[in-house]
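Survey of secondary and tertiary structure
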2 protein chains.
Amino acid sequence: MKTTRTPGLFAVMLVAALTLTTAVARPADPLPSWNEGPAKKSIVAFVTKVTTKGSLDFVSPAERIATFDNDGTLWAEQPMYFQLFFALDRVKAVAPQHPEWKDQEPFASLLRGDLQALLAGGEKAILEIVMATHAGMTTQEFEEIVRDWIATARHPITKRPYTEMVYQPMLELLAYLRANGFKTFIVSGGGIEFMRPWAEKVYGIPPEQVVGSSIRTKFELRDGQPVLLRLPEITFIDDGPGKPVGINQHIGRRPLAAFGNSDGDLQMLQWTAAGAGPRLCLYVHHTDNEREWAYDRVSHIGKLDKGLDEAMRQGWTVVDMKKDWKIVFAR
Amino acid sequence: MKTTRTPGLFAVMLVAALTLTTAVARPADPLPSWNEGPAKKSIVAFVTKVTTKGSLDFVSPAERIATFDNDGTLWAEQPMYFQLFFALDRVKAVAPQHPEWKDQEPFASLLRGDLQALLAGGEKAILEIVMATHAGMTTQEFEEIVRDWIATARHPITKRPYTEMVYQPMLELLAYLRANGFKTFIVSGGGIEFMRPWAEKVYGIPPEQVVGSSIRTKFELRDGQPVLLRLPEITFIDDGPGKPVGINQHIGRRPLAAFGNSDGDLQMLQWTAAGAGPRLCLYVHHTDNEREWAYDRVSHIGKLDKGLDEAMRQGWTVVDMKKDWKIVFAR
């Protein structure tokens, strides 16, 4: 035994020494799912610049605010926003308690499985379905409903849990920014209370760093127990020109870096770019029809038209998902 | 020189050794401005309990949310809210640009120095003055106005800068909680944009951890430059039952500890107390008419009546400013 042991130990030590050398010579890539290219280069150059002490572009950690759109930027959004799938699933789940829905639009169409008829009802129909499924319960009850759904529901096309349809390169980007002293926020048109129950586990973003659309809540004592009741009234739409408003209201600082994928993010990127000193504005461009969905200027969901023009004009970073990402989904 | 050097060095080492011994034997008191008594004891016992690993009451750092009222809890609020002094000062400052105010109430009374007549106009008069001074400019312009005012204005009675009328024991409490992994938030009926420009410097609370009342803002491009314009429309009153609503909207977690001084904080404390496991609910009771102002059940500003009863019933911590605080103001 002893004769075989020495070379074995030697081999282990040699490997360890080599590994150590490699580690020193080439530090681990913080963005391994990103191909080398202009997008990755611009991200790393920006982060290096604002975090290098003594650099003219150095930014104190307190000012390192990064805001991320969610739908289409951190997770997929096709063939429609995942929160709408949640709403449709909820209508079906609670239909037994609403026998009147059988004869009442837009619920009747939905329960018959006639999505065409449902969508023909336009925004009004969607809003009715969202309100029927997002209001009328306490905040705690709604949180549990979302938790249950996100843990069990599956995407109709990929058949995967929705939380597996988050973009691996963006998870790495979030972690990379946080490792460099950035505070990462979600700033999404989606419902703030729909995202919070899972954003911390999935993205590492705590509830107090989630900004989104919201409905009215009301404080009440129920048998002496305080509750917050969710009411069917929209108080804020965190989209388009609403995003800088939401950022100002919630964060109170201008972002140093902002990340989006659609025209709904344009004003957030403009607001970010208008700050003094270096800023990073980045669009994720959905170019990969094989691993995901390719869409931009004429899409109903996640339309990127004016934003793309502005990005070209201003020299913002545009990620070509097909070229820039080695992996798309996290698993 | 050499002969005197050795005893000198020895003396230094002796002092160092003694200091070290003292430090080990008795750690520095994190709340030196608090007298030993039930209030201080309950604070320290609570913090120790929720931060002791392995304790049944241990709470993870992410859940250690502490919310503080501002007026009357972190700084003084007599003879009226400091933000109202700001509004009155602003009316005088911009009056030259508003010649019509000379004949227009409530401005005319104020400019004549007739506060009685002004207050006779009730809430409506106050609201008009607040809107005239808080809206009609960009968020950036308003921030600069507040910064200038807070740097130069003086309290009409104490003649001190307002930022010197913050409570030293509460500054120590904020620091003590943060040193124990708590995230500290302001949750105030005051204007969110009125507090943010100075809260970080004065309290160590960054803009994104300030929750307050707000008016509508609107995104606009002015000559291609994005601005947020402040409009004369209140969108949220962060007071009374509004405080749990604001906490839920902004923080998205129930506080582990909450601190107030008036009935306007009662629902925040109830919301906090209703969480599972140990919670700290604390009222600052204004009992010191010599170093500050004594007021509670019948005061117009900072009325503490129902809250005091509830604190007695629930066994919440009530700070007796006169007995519990060695020092009141920070300087």
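Residues numbered from 1 in each chain as written. Chains lettered and ligands numbered in written order. Predicted model: local features only at pLDDT ≥ 70, side-chain atom pairs only at ≥ 80, totals over all residues. Heavy atoms only, no water.

**Considerations on the relation of the copies chain A and chain B**
- Overlay of chain A on chain B (RMSD 0.0 Å): rotation 180°, translation along the axis 0.0 Å. The two molecules are tied by a two-fold rotation axis, judged by turn and shift. No C-alpha of chain A approaches the rotation axis more nearly than that of His250(A), which lies at 3.3 Å.
- Of the interface residues in chain A, 100% have counterparts in chain B that sit at the interface too, so the contact is made through matching surfaces. (Least-squares fit on C-alpha atoms with pLDDT ≥ 70 in both. Contact = heavy atoms within 4.5 Å.)

**Things to note about the sheet that holds strand β2 (residues 183-191) of chain A**
All names here are of chain A.
- On the basis of which strands lie adjacent, the open sheet formed by seven strands has the order β4-β3-β2-β1-β5-β6-β7 and mixed pairing. Of all the strands in the sheet, the pair left with one neighbour each is β4 (225-236) and β7 (317-320). Each neighbouring strand pair of the sheet contributes to a mean axis angle of 30°, computed without reference to strand direction.
- In this sheet, strand β3 (residues 210-222) lies alongside β2 in parallel orientation, the contact comprising three bridges. Residue Gly191 lies in a different strand from β3, and its bridge partner there is Ser213. (Pairing = 2+ DSSP bridges. Helix = DSSP H or I, 4+ residues; strand = E, 2+ residues; numbered from the N terminus. Axes fitted to C-alpha atoms, helices over the stretch in contact; angles between N-to-C directions.)

**Observations concerning helix α9 (residues 192-203) of chain B**
All names here are of chain B.
- The terminal C-alpha atoms of α9, which comprises 12 residues, lie only 15 Å apart, well short of the 16 Å expected from a rise of 1.5 Å per residue.
- For α9, the tally of buried residues reaches nine of 12 residues, placing the bulk of the element in the interior.
- The complete set of buried residues in α9 reads Ile192, Glu193, Phe194, Met195, Arg196, Pro197, Trp198, Ala199 and Tyr203.
- Looking one or two places after α9, you find Gly204, whose phi comes out positive at around 75°. (Expected span 1.5 Å × (residues − 1). Buried < 20%, exposed > 50% of the residue type's maximum accessible area, 1.4 Å probe, protein only.)

**Some remarks on the packing of helix α10 (residues 242-250) of chain B against helix α11 (residues 266-273) of chain B**
Residue and element names in this part refer to chain B.
- Contact pair α10 / α11: the axes reach a minimum separation of 7 Å and the direction vectors enclose 55°. By the angle between their axes, α10 is oblique relative to α11. Counting all contacts with α10, which are made through Lys243, Pro244 and Ile247, the residues of α11 involved are Gln267, Met268 and Trp271.
- Along the lines of polarity and charge, the residues of the contact of α10 with α11 split into four nonpolar, one polar and one charged. (Parallel < 35°, antiparallel > 145°, perpendicular 65-115°, else oblique. Nonpolar A, V, L, I, M, F, W, Y, C, P; charged D, E, K, R; others polar.)

**Looking at the pairing of strand β3 (residues 210-222) of chain B**
Residues and elements named next belong to chain B.
- Two elements, β3 and strand β4 (residues 225-236), share eight bridges in a ladder whose sense is antiparallel. Residue pairing in the sheet places Ser214 in a bridge with Phe236 of β4.
- Where β3 folds back onto β4 in an antiparallel hairpin, the turn is made up of two residues, including Asp223, whose phi is positive at roughly 50°.

**A word on the packing of helix α7 (residues 139-152) of chain B against α9(B)**
Residue and element names in this part refer to chain B.
- Viewed as axis vectors pointing N to C, α7 and α9 meet at an angle of 60°, and their least axial separation amounts to 9 Å. Classified by the angle between their axes, α7 and α9 sit oblique to one another. Taken as a pair, α7 and α9 cross one another with a handedness that is right-handed. Contact residues: α7 offers Thr139, Phe142, Glu143, Val146, Arg147, Trp149 and Ile150, while α9 offers Glu193, Phe194, Pro197 and Trp198.
- Of the residues that constitute the contact of α7 with α9, the class distribution is seven nonpolar, one polar and three charged. (Left-handed = near helix turned anticlockwise from the far one by under 90°.)

**Brief notes about the interface of chain A and chain B**
- Each partner contributes residues to the interface: chain A has 37 residues there, and chain B has 37 residues.
- Both sides together, the interface formed by chain A and chain B hides about 2900 Å², and carbon and sulfur atoms give 50% of it.
- If you sort the residues of chain A by the area they bury against chain B, Glu208(A), Phe219(A) and Gln249(A) come out on top, with a joint share of 20%.
- For the pair chain A and chain B, the number of links is six salt bridges.
- The shortest N-O distance in the salt bridge between Arg253(A) and Glu200(B) comes to 3.0 Å.
- The interface formed by chain A and chain B contains 21 residue pairs in polar contact (both at pLDDT 80 or more).
- For the side of chain A that touches chain B, the secondary-structure elements that each account for two or more residues are α7 (139-152), β2, α9 (192-203), β3, β4, α10 (242-250) and α11 (266-273) of chain A. (Buried area = accessible area lost by both parts, 1.4 Å probe. Salt bridge = Lys/Arg side-chain N within 4 Å of Asp/Glu carboxyl O. Polar contact = N/O pair within 3.5 Å; in protein donor to acceptor, adjacent residues only side chain to side chain.)

**So, the packing of aromatic side chains**
- A complete count under the given rule lists 34 aromatic pairs over all chains for this structure.
- Ring centres of Trp75(B) and Trp198(B) lie 4.4 Å apart, and the angle between their planes is 25°; on these two criteria the pair is classed as stacked. With Trp75(B) in the loop between β1 (65-68) and α3 (82-94) and Trp198(B) in helix α9, the pair connects residues that are 123 residues apart, well separated along the chain.
- With relative accessibility at 3%, the residue Trp198(B) sits in the buried group.
- Among the aromatic residues, those joined into a ring-pair cluster are Trp75(A), Phe82(A), Phe85(A), Phe86(A), Phe142(A), Trp149(A), Tyr162(A), Phe194(A), Trp198(A) and Tyr203(A).
- Here the guanidinium or amino end of Arg230(A) rests over the ring plane of Phe142(A), the centre of that ring lying 4.0 Å away. (Phe/Tyr/Trp six-rings, centres within 6.5 Å; stacked < 30°, edge-to-face > 60°. Lys NZ or Arg CZ within 6 Å of the ring centre and 35° of its normal.)

**A closer look at the environment of Leu127(B)**
All names here are of chain B.
- Along the polypeptide, Leu127 turns up in helix α6 (residues 122-134).
- Given a relative accessible area of 42%, Leu127 falls into the partly exposed group.
- When the C-alpha positions of Leu127 and Ile327 are compared, they lie 35 Å apart, and in sequence the two are 200 residues distant.

**Side note on the pattern of salt bridges**
- The full count for this structure, using the stated rule, is 40 salt bridges over all chains.
- Between Asp69(A) and Lys243(A) there is a salt bridge, with its nearest N and O atoms 2.9 Å apart. Of this pair, Asp69(A) sits in the loop between β1 (65-68) and α3 (82-94) while Lys243(A) sits in helix α10, placing them 174 residues apart in sequence.
- Using a relative accessible area of 1% as the deciding quantity, one classes Lys243(A) as buried.
- Note that Glu164(B) is salt-bridged to Arg160(B), the shortest N-O span being 3.8 Å.
- Here Glu164(B) falls in the buried class, since its relative accessible area comes to 18%.
- For Arg160(B), a relative accessible area of 19% puts it in the buried group.
- One salt-bridge network, held together by shared partners, links Glu63(A), Lys183(A), Arg253(A), Glu200(B) and Glu208(B).

**Quick look at the environment of Lys183(B)**
- Relative to the assigned elements, Lys183(B) resides in strand β2 (residues 183-191).
- C-alpha separation for the pair Lys183(B) and Lys323(B), spaced 140 residues apart in sequence, amounts to 28 Å.
- Leave out the neighbours within four places in its chain, and Lys183(B) touches Lys183(A), Glu208(A), Gln209(A), Arg64(B), Ile65(B), Ala66(B) and Gln209(B).

**Some details on the confidence of the model for chain A**
Residue and element names in this part refer to chain A.
- In the predicted model, chain A carries a mean pLDDT of 92, and the fraction of residues at 70 or more is 92%.
- A low-confidence stretch, residues 1-7 stays under pLDDT 50, and its non-local contacts, those more than four residues away or across chains, total zero contacts.
- In the predicted assembly, ipTM is 0.90 and pTM is 0.91. (pLDDT = per-residue confidence, 0-100.)

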